[in-house]
Amino acid sequence: MKVIIDPTRCTGHGTCAQLLTDNISLDKWHFPILERSKLREAHFDLAKRAVQLCPELAISIVEE
Ligand code: SF4
């Protein structure tokens with residue numbers, strides 16, 4: 001599975017980066033930088049939580 005961020009929806013809350021530290025960092029304006037889209041199996045639950053908590057519905061998880 002991999003994580004996708006829609007930059008047209010994201011408003012830079014940063015919750016996703018706090019949950020998915022292996023995949024997402026923040027730039028100096030607190031917008032996410034997708035360092036690695038592929039999710040480790042151990043992080044699937046965290047990724048699902050990031051999807052649920054993103055206030056802009058900007059994160060998706062998709063099968064590769
Ligand atoms: S949680 Fe959503 S709105 Fe916030 S930085 Fe991540 S993708 Fe953007």
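Quick caveat, the model's predicted, so the values are computed rather than measured.

J.: What's the story with the overall build of the chain in this structure? I'm lost.
T.: Summing up its helical and strand segments, the chain has two helices and four strands in all. Along its sequence from the N terminus, the chain presents helices and strands in the succession β-α-β-β-α-β. The C-alpha atoms of the chain give 10 Å as radius of gyration, which agrees with the globular expectation for 64 residues (11 Å, within 12%). Here the C-alpha coordinates of the chain stretch approximately 30 × 20 × 15 Å along the principal axes. Put simply, the chain has 64 residues, and 23% of those count as buried. Residue pairs in contact within the chain that sit at least 24 positions apart in sequence constitute 52% of those at least 6 positions apart.

J.: What exactly am I supposed to notice about the environment of K38 here?
T.: Along the polypeptide, K38 turns up in the loop between β3 (32-34) and α2 (44-53). Each C-alpha atom of the pair K38 and K28 lies 24 Å from the other, and the pair is ten residues apart in sequence.

J.: Please clarify how the site of the ligand should be interpreted in this entry.
T.: Taken together, 13 residues lie around the ligand, and C10, H13, C16, C54 and A58 are the ones closest in. Here the shell around the ligand is composed, by residue class, of seven nonpolar, five polar and one charged.

J.: Just to check I follow, could you spell out the nonpolar core for this structure?
T.: Soluble globular proteins: nonpolar side chains tend toward being buried together. The biggest cluster of nonpolar side chains holds 13 residues, and the ones touching the most others in it are V3, C16, L20, A47, A50, C54 and I59. For this core, the element with the most residues is helix α1 (residues 15-19), which contributes three residues. Filtering out sequence-adjacent residues up to four positions away, L20 remains in contact with V3, H43, L46, A47 and A50.

J.: How do you make sense of unusual backbone geometry when you look at a structure like this?
T.: Both trends apply: most residues other than glycine have a negative phi, and most peptide bonds are in trans. Positive phi is not limited to glycine here, since H30 has a value of about 70 degrees. Following the sequence through the fold, H30 ends up in the loop between β2 (24-26) and β3.

J.: It is not clear to me how the pairing of strand β1 (residues 2-5) should be interpreted in this structure. Could you clarify?
T.: Where a strand is regular, its side chains alternate between the two sheet faces. Taking every second residue as pointing to the same face, the buried face of β1 carries V3 and I5, while none of K2 and I4 on the other face is buried. Bridge analysis of β1 against strand β4 (residues 59-62) gives four bridges, and the strand direction is antiparallel. Counterpart to I4 in the pairing with β4 is S60.

J.: Sorry, what's going on with the environment of W29 here?
T.: Note on placement: W29 falls in the loop between β2 and β3. Separated by 17 residues in the primary sequence, W29 and G12 place their C-alpha atoms 7.5 Å from one another.

Criteria and cut-off values
Residues numbered from 1 in each chain as written. Predicted model: local features only at pLDDT ≥ 70, side-chain atom pairs only at ≥ 80, totals over all residues. Helix = DSSP H or I, 4+ residues; strand = E, 2+ residues; numbered from the N terminus. Rg over C-alpha atoms; globule rule 2.2 N^0.38 Å. Buried ≥ 20, exposed ≤ 12 C-beta atoms within 10 Å, placed from the backbone. Contact = placed C-beta atoms within 7 Å. Near = placed C-beta within 6 Å. Nonpolar A, V, L, I, M, F, W, Y, C, P; charged D, E, K, R; others polar. Core = buried A, V, L, I, M, F, W, Y, C linked by C-beta atoms within 7 Å. Pairing = 2+ DSSP bridges.

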